[in-house]
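A structural walkthrough
Listed here are the chains, written in short residue letters.
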Amino acid sequence: MKSRIYLDHAATAPLLDSARAAMLEGFARWANPSSPHASGREARALLEDARRRIAAALGWEGHILFTSGASEALAMALGRSTASGILAGATEHDAVLRHVAVAQRLAVDQDGLVRLPETIAPGTLVVIQHVNSETGLIQPLDAMAEQVHAAGGHLLADCSQSAGKLALPEGADLIALSAHKLGGPIGIGALLVKDLALIRPVGGQEQGYRAGTEAMPLACGFAAALEAPVAWLDAVARWRMALDKAIVAAGGVVVAGDGARLPTIGSYRMPGVSAQAQLIRFDMAGIAVSAGSACSSGSLRTSHVLAAMGWDESAASQVIRVSMGHDSEAGDIDAFLAQWQAIATDMRSR
Amino acid sequence: MIYLDYQATTPLAPEVAAAMTAALDHYGNPNSAHRAGRIAAADVELARDRVMAALGRKNGRLIFTSGATEALNIAIIGAARAAPSGRRRIVTLATEHPAVLDTVLSLRQAGYEPVILPVEDDGLVDPDIAEAAIDGRAALLAVMQVNNEIGVIQPIEQLLALARSWNVRTLCDAVQGFGRLPTPDADMIAITAHKIHGPKGVGALWLRDGVDVPPLMHGGGQEGGLRPGTLSPSLCAGFGVAAQLAAERRTADLAHVEALWARARILFADWTVNGSIDQRYHGNLNIRRAGLDAARLVSQVRNVALSLGSACASGSGRPSHVLRAIGLKEAEARGALRMGFGRYTRVDQLEEAAALINEAAAMQRAVA
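We now turn to the structure provided with this report.

Scoring rules and cut-offs
- Residues numbered from 1 in each chain as written.
- Chains lettered and ligands numbered in written order.
- Predicted model: local features only at pLDDT ≥ 70, side-chain atom pairs only at ≥ 80, totals over all residues.
- Heavy atoms only, no water.
- Helix = DSSP H or I, 4+ residues; strand = E, 2+ residues; numbered from the N terminus.
- Rg over C-alpha atoms; globule rule 2.2 N^0.38 Å.
- Buried < 20%, exposed > 50% of the residue type's maximum accessible area, 1.4 Å probe, protein only.
- Contact = heavy atoms within 4.5 Å.
- Areas by Shrake-Rupley, 256 points an atom, 1.4 Å probe, with all protein chains shown as cover.
- Buried area = accessible area lost by both parts, 1.4 Å probe.
- Salt bridge = Lys/Arg side-chain N within 4 Å of Asp/Glu carboxyl O.

**Some thoughts on the overall build of chain B**
Looking only at helices and strands, chain B has 13 helices and twelve strands in total. A compact globule built from 368 residues should have a C-alpha radius of gyration of about 21 Å, and chain B, at 21 Å, falls within 12% of that. The C-alpha extent of chain B, read off along each of the three principal axes, is 70 × 50 × 35 Å. Counting the 368 residues in chain B, one finds 62% classified as buried. Excluding contacts between residues fewer than 6 apart, the proportion of contacts in chain B whose partners are at least 24 apart in sequence is 74%.

**Remarks on the overall build of chain A**
Tallying secondary structure elements over chain A gives twelve helices and twelve strands in all. For 350 residues, the compact-globule formula gives about 20 Å, and the C-alpha radius of gyration of chain A, at 21 Å, lands near that figure. Counting only C-alpha atoms, chain A reaches 70 × 50 × 35 Å along its principal axes. Relative to its full complement of 350 residues, chain A shows a buried share of 61%. Once local pairs closer than 6 in sequence are excluded, the contacts in chain A between residues at least 24 apart make up 71%. For chain A, the accessible surface area stands at approximately 12900 Å², while carbon and sulfur atoms represent 54% of it.

**Points about the interface of chain A and chain B**
Listed by partner, the interface residues are 48 residues for chain A and 48 residues for chain B. In total, chain A and chain B occlude about 3800 Å² of area from one another, counting both sides; carbon and sulfur atoms represent 63% of this. The tally of links from chain A across to chain B stands at two salt bridges. Linking Arg38 of chain B and Asp283 of chain A is a salt bridge whose minimum nitrogen-to-oxygen distance equals 3.4 Å. Elements with a minimum of two residues in the side of chain A that touches chain B: helix H1 (17–28), helix H2 (38–58), helix H3 (70–79), helix H4 (94–97) and helix H9 (294–297) of chain A. The dominant element in the side of chain A that touches chain B, judged by the number of residues it contributes, is H1 of chain A, at four residues.

Shown next, in the form of structure tokens:
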């Protein structure tokens, strides 16, 4: 058995070997990609090659603007949007929600599915995540894009969790990505843009849409990670399905259990036991899981995602998230389940 | 290839590459509460201490960013937004990096008043002109320590003291001076790793205790809410080691730069130096020759990495705003070359490069 079991891939996934090798190669070519001399042009060529490979791996035909991560990509799309208004799902990441007033948030049903309003004003930018980072719920973005487009609006899809695992939503006009959720390096992401008229330029690099020296080695790591096969996903899907059943049998609740969910994420309530107590017990047992997103896991705030789905505060405070990835093994899930059952029995007997 | 473009970026130090490679295995998210997350957070915090130490700062806070451009944007836009309504002026110099100039100018449409101070022919600002522009109407003085194109060192402490006397917030773009010169006594300091033999993709903003600016981006609340986004333990570790190396090797690096400078001055004795010679970081030599087509020379001297000005503007073909600001005519600016050297440049490389450059310049003259 492994000494440490990592089941927090939705917070960040371990770097893939191929991505690491690509980065080390990139580090050796350290020139500034904007320099016109031969060293600079060599770095530029690798950067543009990475961009082309990412486009090919994703099947994306529009523009790809590199950013420092998904937060910056979302800030770019929202802060510099040329849209007449913005609407966002109530369960979006904080990076999105802090850009939109409460009145602009779209309610979700009990599984977390976004309810689009009957009428959307032309020119509106609608922001919806492809997969929720806490529950794994998949939004039917292809259908939503049609509805948004029919109203004369545009769709910004936050694909931080889904990219590399699910095909990109076809109808999205803007897509935010993060490399480190899919086995690439931390520190790079991208905004995919169908039509540059949707955002205002700012100058400098990235076709005038982002200023700052490009981090070419990170771009190479990003490309390599996206090219890695995801054959492991089928096994993970089976393990997650079995885990869902076993948790229910042991008295637990599967969050968004009736919804279509990304196979890598499972979110479970252990009735009567706080998430904090569970996390401490799991960490002592050598298993890394989390309560909600990593960004807020230090804060002990109630999850805004569960609140939007209609969960009361006390039930929501008993939910933890398990997330798997490319290096997960069946034994990891067995160990998690055994520990979950032990904590539940132990706590109940107190 | 002889690399003489240290102001664009610097070679990655082997010690930095090793630290980054090791930290790539620390895959946790630094914000995660579990052990994997704490190991990653330890990388970030160790790096923060090392960068703070290299800055010579015990107090204040250092937030990591994606680079100096982002740090400068947070500082400038943040200071403008945080300023009392009576302070709308943003004062800066005509020779600043576009990350400062363009950001300051962009504030005009938000109702601020950009004040761009001219510089003298030596590249330095006249303190009397600065004094006339800085008063109780100013929200911010943003001034760079070492110019990225001509290497001149501004009378920065004098400018900062002037701003302080009017309670004006101060920002120093210390990108080129960090790790080499003492850190100026500004309220905010922007730096980046890749100019001190660290990786691209990470920089930092230091803020004095009590200096508060609103964030530019929103997200997971990292870096005290001022800069969201998951931090890379690897990039941070690389920055930390680069800063530590720069601090440890400061004397040796500077002595080496002085030796290179002395040699370069002899090798390029019949060229004119752009900007002050004394008030200058000697790892930069920006020189010109009448009648020269420097762009052509750069493409002729294929085995030497040189530049005409900043890397960002190099592709654009527009004349350098810095050379224009020091009073060069367009034809003079066309004859200017920028060389940057430092820790890993050998004297024999400099000599070989000088021979190639001087030969190409002589050929141009012969043909003309």
